[in-house]
Amino acid sequence: MNIKILIESRKKLWNKFGSMEKDKDLTEAISSELHKDKNLAKEIKDNPFSVIELLFRVRDKQGKLMPFILNSEQKRFLDLFYIEWKKGKSVKILILKSRQQGFTTLITAIQLCMLLTQEGFKGTTVAHLRDATKNIFENKAKSMYEEISERLKHEPKRSNAREIAVEE
């Protein structure tokens, strides 16, 4: 069993049943395996961004909770981002984007992957308006973090209206 197979299994389960209950059962089982299976843990360490499709959930435009399945634009961006990240450099991104392609959600997910897997990670998201920044944090970052299995989260040092800070 590897991460790619687990992601495909999750997609198939969702496409067949569309059941959040079944998805939560599967992601809990996967979270448990990540602690037991050293090969899976190594795959996550090598590519922490695979956690997005493996375990994360998002809300669609109607507010319905669903697995985070990357669209083609998100996938292309994440592939390019991964290449730069693997070089070991600090990656800074300024995205001038059209709306509704899911980049805000993707960047939030990337930052959560880093928070969960990289010691000392600090991420910042800034939007054009203070209220927009607050909305991104509250409706994307915090809600996405809350949906992650408790087995994988670090103990929060602080979690408030502006930040999630965890114990390392």
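Residues numbered from 1 in each chain as written. Predicted model: local features only at pLDDT ≥ 70, side-chain atom pairs only at ≥ 80, totals over all residues. Heavy atoms only, no water.

**Some details on the packing of helix α6 (residues 103-117) against helix α7 (residues 130-146)**
Between α6 and α7, the least distance of the axes is 10 Å, while the angle of their chain directions is 45°. In terms of orientation, α6 lies oblique with respect to α7. Of the two elements, α6 crosses α7, and the hand of that crossing is right-handed. Judged by residue contacts, T104, T105, T108, A109, L112, L115 and L116 of α6 engage I136, K140, A141, M144 and Y145 from α7. (Axes fitted to C-alpha atoms, helices over the stretch in contact; angles between N-to-C directions. Helix = DSSP H or I, 4+ residues; strand = E, 2+ residues; numbered from the N terminus. Parallel < 35°, antiparallel > 145°, perpendicular 65-115°, else oblique. Left-handed = near helix turned anticlockwise from the far one by under 90°. Contact = heavy atoms within 4.5 Å.)

**Some points on the nonpolar core**
Counting 34 residues, the largest nonpolar core has L34, F49, I52, L54, F56, F68 and I110 as its most contacted members. When contributions to this core are tallied by element, the ones reaching two or more residues are α1 (3-17), α2 (20-36), α3 (38-46), α4 (51-55), α5 (72-86), α6 and α7. In terms of residues, this core owes the most to one element, α6, which gives 10 residues. Discounting chain neighbours no more than four positions away, the residues touching F56 are R10, V51, P67, F68, A109, L112, C113, L116, M144 and I148. (Core = buried A, V, L, I, M, F, W, Y, C linked by side-chain atoms within 4.5 Å. Buried < 20%, exposed > 50% of the residue type's maximum accessible area, 1.4 Å probe, protein only.)

**Here's the deal with α5**
For α5, which comprises 15 residues, the first-to-last C-alpha distance of 21 Å matches the rise-based estimate of 21 Å (1.5 Å per residue) to within 8%. Of the positions making up α5, those classed as buried are Q74, F77, L78, F81 and W85. All buried residues of α5 lie within an arc of 100° about the axis, which places them on one face of the element. Residues of α5 that are exposed and angled more than 90 degrees away from the buried face: S72 and L80. With a side-chain oxygen positioned 3.1 Å from the backbone nitrogen of E73, the residue opening α5 is N71. (Expected span 1.5 Å × (residues − 1). Arc of directions from axis to C-beta. Polar contact = N/O pair within 3.5 Å; in protein donor to acceptor, adjacent residues only side chain to side chain.)

**Observations concerning the environment of Q101**
Relative to the helices and strands, Q101 is located in the loop between α5 and α6. In this structure Q101 comes out as partly exposed when scored by relative accessible area, which is 29%. Contact partners of Q101, with chain neighbours within four places excluded, come to N71, E73 and Q74.

Function cannot be inferred from these measures alone, as they are strictly geometric.
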